[in-house]
Amino acid sequence: MELKNYWTAPKKGILSHLLKWVNLRPEESDRTWLMFAFYTSASIGLRWSEDSTVALFLDEYGSKSLPWIYIASAIMGAALVILYSRLQKIFPLRRVIVAIAPCMFIPLVLFSLGLHVSYLSVFIIFVLRLWVDAFYVINDLNTSITANQLFNIREIKRAFPLISSGILVADVISGFSLPFLLLFVGLDNVIMPIAGVFISLGAFILFYLSQNYPQAFPDTPQIEIEAAQYSQKRRLFGPIKRYAWLLFAFFALLQAIGVLIDFQYLTQLKSNFQGKDIATFLGLLGGITGLCELAMQLFISSRALERFGVFVTAATLPITVGLLMPLTIPLLGLLPWGNSHNLLWGLVILKFLDELLRYTFVVSSGPLLFQPIPDKIRSHVQSLAGGVADAFGAGTAGFVILITLWFGRRLLPTPIHESIMVAETVLVALCCLLVIWFLRSRYVNLLVLSAGQGQFSGADVDLRAFKQAVIKALGEKGTDTDKRSCIELLSQIDPKGVSEVLAPLLVKLSPELQKPSLEVMLAAGVNPAYLPEIRTFLKLPQNSVTPEVFALTLRYVWLAESDPDVNLLEKYLREDQHSIIRATAAALLLRQGEAMHKVAATRTLRRMLTHQQEKERMNAVKALSEAVHLQALRIHIPNLLQDDSLRVRFAVIEMIAATRLEEYYPALLGGLYYKSTRNAAMQALVKLENEALPMLVELATNVYKPEIVRIYAWRTISQIPTLEAIETLWQFLETSRGNSRDHILRPLLKRLQKEGLLGSVEQFYETKIKKFIEQELNFISEIYAAYIDFQNQLESYNNYIDFKTQETLDTYNSGIRTIAVISLLNRAILELENDIKERLLLLLQLLYPIESIQAAAFNLRSESVVNLARGLEILEHTVKLQHKSLLINILDRRSPAEKLQYLIAAEMAEYQQMSVNERTRSLLMHKNLLSDWCLACCFHFAQVARIRLTTEQVLESLSHPTGFVREAAIAYLNVVSPRILIKILPQLQKDPHPLIANQVKELIK
């Protein structure tokens, strides 16, 4: 969801500096200021209502009745939150969030009017106190849900601290203004009309927001959305449910901490003040606290969230209460020997710290915890796990206070049971920290699941149960396609035990399944124990068994028997036999027969290899793969490699690898050049294992070979199942840079993933990977510096062109051409940035769980800012590198200038502005790191801008493996050094690339 409705266009100047101070981006400012205005206005009215009702309640009932208020408030709050959640299902969300505040305020007006009725006033004061507490819960929940709809997971880290500071501004305004209101309107008239005006203003702003950003608020009621999203909810139901319960526990415990502190604080307040004095004290303390909270929220909270993460900031309150409170009790005067004033001021300080952290760090962190939940059901979960939890925590804390007071008054003196309540507060805080620890472990997992990037791993399969399932599937009715898939999967998961499962089932299987079954059994290695089941096919009438199955049976039986009778194979050499049976028998005779047998077999295979029919040639070549000595048949291989049939060529490639014909290994490498034979050549080279490594490395590192061939050479190396192959990849990964590193990284990742080694590389390799990441960050700083210099100095360089070219028309044409070429160069630089970012994500997959990094990469590639934010959030909670925040800023959508500033601040780069001449030469010094297109653009720009390059830079580019780079270097020489070009033109005529040939021909003319 992209929200681009800006009602104030941020301009450079005071506004841009203000946004920077509060850590806000221009595209977020409109929504943020509107939400801030709404929350401030509504909170001012609520704060006046709360302080006045607290004073009325304490004056009428005293502090002893506070636990009953907590319990009753919890029941009412939970009921209203459930009603609020139900309304979201019945009505569209935009109507609910706008209407809830006026609907909550109407009863508040009626209750305040009832204060003037003498026989109702006692009851009204009690209900009024309950309703204001419930109003607070609903308003905070409404604000949080609205913010989650308007902002994505990264935006809300920056925006919500500023939004939530609205309540702090409200504290300051209402706190310092309440004493004056009490002088003019009295305690009974604060709610209506004074508070009502501000609450109505907040509702109007929220209405404007819902109309101005319609894409953020669905028009469909939640119950219809849930039906449409049923399959997604069903898949995520388990993880979401567990995560929601943890959120429920977290918010309930936080509320319990607040209630326990609030009770002790108000108890002491009642002991020292009366009536209006209580309201005045509450107002002044609220104002002072609000000023401190406001400063922290505006300038610290969002930066703390981005730097330390949601869980560290959320844990600040329970850490302060649970760990620091016991240490500061003697200093705050909370011990039994403290006098009443010490106890009061100690609790005032504790209340101050609680509100300071609760309404800054904790409030800012709260909405973020709901972001992993899919947005279609987030508001519903947030209503229950957030709103009901607050009520439950308050009610539970009220019961705890009642029980503590009841036992304390009967068994212990007052100072002792006050200390017990402090211990209870500490215990609840420690439980809250434990819940945060569990939440953190599930947060990223749920983000990854929401991104839909979970993967199946065969390592988690119960092998015994899987074998039983395969036997059952093969024995029951079903399609051959499904059964073939079972056989293939079994051969991959348990290649050694595949024969044990398939041998007893062979006769029962269809001929279409018998062939793949025998093939995987042969691949697993012959075993005499299974000969009785396989010999059955030889005893059956030959016309009842397919030729392919019969041939495979012959091979298995004659290879498995310790002393086979090869004379029996001669009858299968007759012309009336199927070609595959003749070829198989001939290959077995070449392998196991006497001299006479080998002569007959050679004669048979020679006729087949030169036969006009494709099937004859192909079956003969396949059979040769099983022969030990090819003898006189080798002379046919060159012709077979040029055979018109693609299937015959495939079979020849496989045969060369199977029989280790070294003189034909170049033919295997040649197969990588053509798409039609590439897969067959790769499989053949993999069979050679370490024997193929030297020639594959030579091919992969030869920059003059086609790039696609080099890519497949590295892929082939990665598929060779030896330690030497993987060591080769690591070795060349260290020395490669740019695109060459990409070509090695991708196959290396697949190899490590297949072996289950991703995310757990050795310390030696981990250090190297971190070094690679630093190399990429260092180079990307050069990219940003070049981009900035070209952008900033383009206008001044156009003036330079005007000076160099005297004619007006030439000046105009030169300027236009310069602008066009530098624009191309800048685009090439940004494309290079994208390549580096992709490479960084590939490197991260070597260090951290591949599911998490792939999910992050998938979201980062999206055009949606919501998906981008989710990807960055996954990285923030997955990556543990020293430069994590820098890495996230680089992957974010920020301007090159901003990213360069982050690199400089992290001491990963130094920037000094250069002229375009110097910057172009500097870029070409990193020619091995530049893409071919970027390198060509540098020469084209140097050509139109008359930039002097070094002789070495030009000559090296003239011999570059890519044609359009050589073409750009020649075009540069034609303008800058035509004399040198004339001398080397005869040599350039020999260039094989048609682009260069045409260019040289034109230059000679």
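Residues numbered from 1 in each chain as written. Predicted model: local features only at pLDDT ≥ 70, side-chain atom pairs only at ≥ 80, totals over all residues. Heavy atoms only, no water.

**Comments concerning the overall build of the protein chain**
Here comes step 1: Scanning the protein chain for helices and strands turns up 44 helices and zero strands.
Here comes step 2: Taking all 1005 residues of the protein chain together, 56% fall into the buried category.
Here comes step 3: Accessible surface computed for the protein chain: about 45500 Å², of which carbon and sulfur atoms make up 59%. (Helix = DSSP H or I, 4+ residues; strand = E, 2+ residues; numbered from the N terminus. Buried < 20%, exposed > 50% of the residue type's maximum accessible area, 1.4 Å probe, protein only. Areas by Shrake-Rupley, 256 points an atom, 1.4 Å probe, with all protein chains shown as cover.)

**Some words on the side chain of Ser922**
Here comes step 1: In this structure, Ser922 sits in helix α39 (residues 916-924).
Here comes step 2: Look past the residues within four positions of Ser922 in its chain and what remains in contact with it is Glu782 and Met914. (Contact = heavy atoms within 4.5 Å.)

**Looking at unusual backbone geometry**
Here comes step 1: Positive phi values are uncommon outside glycine, yet Glu689 reaches one of about 55°.
Here comes step 2: Note on placement: Glu689 falls in the loop between α28 (675-688) and α29 (693-700).
Here comes step 3: Relative accessible area serves as the criterion here: at 35%, Glu689 is assigned to the partly exposed category.
Here comes step 4: In this structure, Arg946 takes a positive phi of about 55° despite not being glycine.
Here comes step 5: Its place among the elements puts Arg946 in the loop between α40 (932-944) and α41 (951-958).

**Re the nonpolar core**
Here comes step 1: Phe250, Leu844, Leu875 and Phe941 are the most contacted members of the largest nonpolar core, which has 297 residues in total.
Here comes step 2: For this core, the element with the highest residue contribution is helix α9 (residues 230-272), accounting for 20 residues.
Here comes step 3: With sequence-adjacent residues up to four places away left out, Leu875 is seen in contact with Leu841, Leu844, Ile853, Ala856, Leu860, Lys884, Ile888 and Leu891. (Core = buried A, V, L, I, M, F, W, Y, C linked by side-chain atoms within 4.5 Å.)

**What to know about the confidence of the model for the protein chain**
Here comes step 1: Mean pLDDT over the protein chain works out to 78, with 80% of the residues at or above the 70 mark.
Here comes step 2: Scored below 50 in pLDDT, residues 334-340 shows 11 contacts in the model against residues more than four places distant or in partner chains. (pLDDT = per-residue confidence, 0-100.)

**Observations regarding the packing of aromatic side chains**
Here comes step 1: One pass over the structure, following the stated rule, counts 10 aromatic pairs.
Here comes step 2: Pairing Phe248 with Phe392 gives two aromatic rings, centres 5.5 Å apart and planes at 45°, and the pair type is tilted. Highlighted residues: Phe248 in helix α9 and Phe392 in helix α14 (residues 375-411), separated in sequence by 144 residues.
Here comes step 3: Residue classification places Phe248 among the buried positions, given a relative accessible area of 17%.
Here comes step 4: For the pair Trp437 and Phe438, a centre-to-centre distance of 5.2 Å together with 75° between the ring planes defines the contact as edge-to-face.
Here comes step 5: Clustering of aromatic rings is evident, with ring pairs tying together Trp245, Phe248 and Phe392.
Here comes step 6: Above the face of the Tyr712 ring, Arg678 is positioned so that its terminal group lies 4.7 Å from the ring centre.
Here comes step 7: Arg741 extends its terminal NZ or CZ atom over the ring of Phe772, reaching a point 4.5 Å from the ring centre. (Phe/Tyr/Trp six-rings, centres within 6.5 Å; stacked < 30°, edge-to-face > 60°. Lys NZ or Arg CZ within 6 Å of the ring centre and 35° of its normal.)

**Section: the pattern of salt bridges**
Here comes step 1: In this structure the tally under the stated criterion is 24 salt bridges.
Here comes step 2: Across the pair Arg358 and Asp354 runs a salt bridge, and its minimum N-O distance is 3.0 Å. With Arg358 and Asp354 both in helix α13 (residues 340-365) and four residues apart, the pair spans about one turn of that helix. Taken as a pair, Arg358 and Asp354 share a single burial class, namely buried.
Here comes step 3: One salt bridge in this structure joins Arg607 and Glu575, with 3.4 Å as the shortest N-O distance. Here Arg607 is found in helix α23 (residues 595-609), whereas its partner Glu575 is found in the loop between α21 (547-560) and α22 (579-592), with 32 residues between them in sequence.
Here comes step 4: Note on Glu575: relative accessible area 52%, which makes it exposed.
Here comes step 5: Taken together, the shared-partner salt bridges in this structure form one network comprising Glu575, Arg582, Arg607 and Glu616. (Salt bridge = Lys/Arg side-chain N within 4 Å of Asp/Glu carboxyl O.)

**Here we look at the packing of helix α24 (residues 614-624) against helix α26 (residues 646-659)**
Here comes step 1: Contact geometry of α24 with α26 gives a least axis separation of 8 Å together with a crossing angle of 15°. Of the possible angle classes, the one that applies to α24 and α26 is roughly parallel. α26 is crossed by α24, and the crossing has left-handed handedness. Together, Glu614, Arg617, Met618, Val621, Lys622 and Leu624 of α24 and Arg647, Val648, Ala651, Val652, Met655 and Thr659 of α26 make up the contact between the two elements. (Axes fitted to C-alpha atoms, helices over the stretch in contact; angles between N-to-C directions. Parallel < 35°, antiparallel > 145°, perpendicular 65-115°, else oblique. Left-handed = near helix turned anticlockwise from the far one by under 90°.)

**Observations concerning α29**
Here comes step 1: Within α29, six of the eight residues are buried, which leaves it mostly tucked inside the rest of the structure.
Here comes step 2: Looking at the buried side of α29, the elements it contacts are α27 (665-671), α28, α30 (707-719) and α31 (723-735).

**Let's talk about helix α32 (residues 739-754)**
Here comes step 1: Taking 1.5 Å as the rise per residue, α32 with 16 residues should run 22 Å; its terminal C-alpha atoms sit 23 Å apart, in good agreement.
Here comes step 2: Burial in α32 covers these residues: Arg741, Asp742, His743, Ile744, Leu745, Pro747, Leu748, Leu749, Arg751 and Leu752. (Expected span 1.5 Å × (residues − 1).)

**Looking at the state of the cysteines**
Note: disulfide means a covalent bond formed between the sulfur atoms of two cysteine side chains.
Here comes step 1: For the coordinates displayed, the defined rule picks out zero disulfides.
Here comes step 2: Unpaired in this structure, Cys934 has its nearest cysteine sulfur neighbour in Cys938, at a distance of 4.6 Å.
Here comes step 3: In this structure Cys934 comes out as buried when scored by relative accessible area, which is 0%. (Disulfide = S-S within 2.5 Å.)

**Here's the deal with the environment of Arg827**
Here comes step 1: Counting through the fold element by element, Arg827 comes out in helix α34 (residues 808-847).
Here comes step 2: Look at Arg827 and you get partly exposed, because its relative accessible area is 47%.
Here comes step 3: C-alpha of Arg827 to C-alpha of Cys937: the two residues are 110 residues apart in sequence and 9.6 Å apart in space.

**Some thoughts on a nonpolar patch on the surface**
Here comes step 1: There is a patch of nonpolar side chains on the surface, built from Phe176, Leu284, Ile288 and Leu291 and spanning about 340 Å² of accessible area.
Here comes step 2: With three residues, helix α10 (residues 276-308) is the single largest residue contributor to the nonpolar patch.
Here comes step 3: For Leu291, the location among the structural elements is in helix α10.
Here comes step 4: Of the residues examined, Leu291 reaches a relative accessible area of 46% and is grouped as partly exposed. (Patch = residues over 30% accessible without salt bridge, like charges linked within 9 Å, V, L, I, M, F, W, Y side chains within 5 Å.)

**A look at the packing of α28 against α30**
Here comes step 1: At a closest axis distance of 9 Å, the pairing of α28 and α30 adopts a crossing angle of 40°. Our classification of the angle between α28 and α30 gives oblique. Here α28 and α30 pass one another in a crossing that is right-handed. Of the residues in α30, those touching α28 at Arg678, Met682, Leu685 and Val686 are Ile708, Tyr712, Arg715, Thr716 and Gln719.

**With respect to empty space enclosed by the protein**
Here comes step 1: A complete count under the given rule lists six cavities of 30 Å³ or more for this structure.
Here comes step 2: Contributing to the lining of the largest cavity are 48 residues, with Tyr136, Asp140, Gln255, Arg358 and Tyr359 lying nearest its centre.
Here comes step 3: Every element with two or more residues in the lining of the largest cavity is listed here: α2 (26-61), α3 (66-90), α5 (118-150), α9, α10, α13 and α14.
Here comes step 4: Examining the composition of the lining of the largest cavity, we find that nine residues originate from one element, α5, more than from any other. (1 Å grid on protein atoms, 1.4 Å probe; cavity = no way out; pocket = protein on both sides within 12 Å on 5 of 7 lines; lining within 4 Å. Points joined across faces, edges and corners; volume = space filled by probe spheres on them.)

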